[in-house]
Amino acid sequence: MTLRGFHIVFITIASLFMLWMATFTFQAWQQGGAASEMVIAVLSAVCGLGLAVYGVRFFLKSRQLLAPHNAR
């Protein structure tokens, strides 16, 4: 596996984990949890979405860099 491939897999797993963490802590907050659980849920969701955006941008940029250049 290339470094690019590993990076894409790692970012995908990290973003899915953060979105799972957001769901888990939000459910814990709904069941009578503390306000800190809601803060953790929101921060996890923001980080998960940020990682997803970063992953897509990295994928597109790395694909663009690896594409053969057009001869002029």
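Coordinates for the structure precede this section.
The text that follows walks through the structure, step by step, so that each part is easy to find. Worth saying up front: this structure is predicted, and the values here are computed from it rather than measured.

Right, let's get into the side chain of serine 44. Tracing the chain through its elements places serine 44 in helix α2 (residues 35-66). A distance of 2.8 Å separates the side chain of serine 44 from the backbone oxygen of isoleucine 40, its partner in a polar contact. Apart from the residues lying within four places of it in its own chain, the contact partners of serine 44 are Met18, Met21 and Ala22.

As a further point, take helix α1 (residues 3-30). Quick reminder: α-helices carry 3.6 residues per turn. Residues three or four places apart thus point the same way. Taking 1.5 Å as the rise per residue, α1 with 28 residues should run 40 Å; its terminal C-alpha atoms sit 40 Å apart, in good agreement. For α1, the set of buried residues is Gly5, Ile11, Ser15, Met18, Ala22 and Thr25. If you follow the buried residues of α1, they end up packed against α2. Once α1 ends, the next one or two residues include glycine 32, with phi positive near 95°.

Cut-offs used in this document
- Each chain carries its own residue numbering, running from 1 in the direction its sequence is written.
- Thresholds applied to this predicted model are a pLDDT of at least 70 for local features of residues and 80 or more for the giving and counting of side-chain atom pairs; totals over whole chains, interfaces and linings are not thresholded and use all residues.
- Each side-chain value is derived from all of the structure's non-hydrogen atoms; neither hydrogens nor water enter the calculation.
- By definition, any uninterrupted DSSP run of H or I lasting at least four residues is a helix, any uninterrupted run of E lasting at least two residues is a strand, and each is numbered from the N terminus.
- Between N or O atoms, a polar contact is any pair within 3.5 Å; within protein, one atom must be a potential hydrogen donor and the other a potential acceptor, and residues adjacent in sequence are included only when both atoms are from side chains.
- Residue contacts are counted whenever heavy atoms from the two residues lie within 4.5 Å of one another.
- Here the expected length of a helix is defined as 1.5 Å per residue gap, with one fewer gap than residues.
- Using a 1.4 Å probe on the protein chains alone, a residue whose accessible area is under 20% of its type maximum counts as buried, one over 50% counts as exposed, and one in between counts as partly exposed.

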